[in-house]
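If you want the building blocks of each chain, they are given just below.
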Amino acid sequence: MLLKSPDRLITQQTLLAQVWGPHHGGDTAYLRLYIGQLRKKLEQDPARPRHFITEPGMGYRVVPVPAQ
């Protein structure tokens, strides 16, 4: 879902509802865990993410790698 909307903020509630279903709207710990795992696998420096960005209290966005 994040990759389909590059550079666009996707709220935590939207991600939870779309990925895990509407009954998981408050399970933000799941989301933090999975975003952390994505960063470990895909970011060059997971402690300083450049592509999987957290907007505190709001959601997440993906900044794509520039085309070369």
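As a starting point, this report considers the structure included with it.

Across its full length, the protein carries 2 helices and 3 strands. Over its C-alpha trace the protein gives a radius of gyration of 12 Å, about what one expects of a compact globule, namely 11 Å for 68 residues. Its C-alpha atoms put the protein at 40 × 20 × 20 Å along the principal axes. Looking at the 68 residues of the protein, the share that counts as buried comes to 26%. For the protein, the proportion of contacts with a sequence separation of at least 24, taken over those separated by at least 6, is 39%. Element-wise, carbon and sulfur atoms account for 55% of the exposed surface of the protein, whose accessible area totals about 5,000 Å². For the protein, the distance from the average position of its 9 positive side-chain charges to the average position of its 5 negative side-chain charges is 3 Å.

A few words on a nonpolar patch on the surface. A contiguous nonpolar patch, built from Tyr30, Leu33 and Tyr34 and spanning about 310 Å² of accessible area, is present on the exposed surface. By secondary structure assignment, the location of Tyr30 is in helix 2 (residues 28-42). Given a relative accessible area of 38%, Tyr30 falls into the partly exposed group.

Attention now goes to the side chain of Arg39. Tracing the backbone through its elements, the reader meets Arg39 in helix 2. In this structure Arg39 is buried but unpaired, with Glu43 as the nearest side chain of opposite charge at 5.1 Å. With residues near it in sequence (within four places) discarded, Arg39 still touches Pro46, Pro49, Phe52, Ile53, Thr54 and Tyr60.

Cut-offs applied
Residues numbered from 1 in each chain as written. Predicted model: local features only at pLDDT ≥ 70, side-chain atom pairs only at ≥ 80, totals over all residues. Heavy atoms only, no water. Helix = DSSP H or I, 4+ residues; strand = E, 2+ residues; numbered from the N terminus. Rg over C-alpha atoms; globule rule 2.2 N^0.38 Å. Buried < 20%, exposed > 50% of the residue type's maximum accessible area, 1.4 Å probe, protein only. Contact = heavy atoms within 4.5 Å. Areas by Shrake-Rupley, 256 points an atom, 1.4 Å probe, with all protein chains shown as cover. Lys, Arg positive; Asp, Glu negative; His and termini not counted. Charge placed at Lys NZ, Arg CZ, Asp CG, Glu CD. Patch = residues over 30% accessible without salt bridge, like charges linked within 9 Å, V, L, I, M, F, W, Y side chains within 5 Å. Salt bridge = Lys/Arg side-chain N within 4 Å of Asp/Glu carboxyl O.

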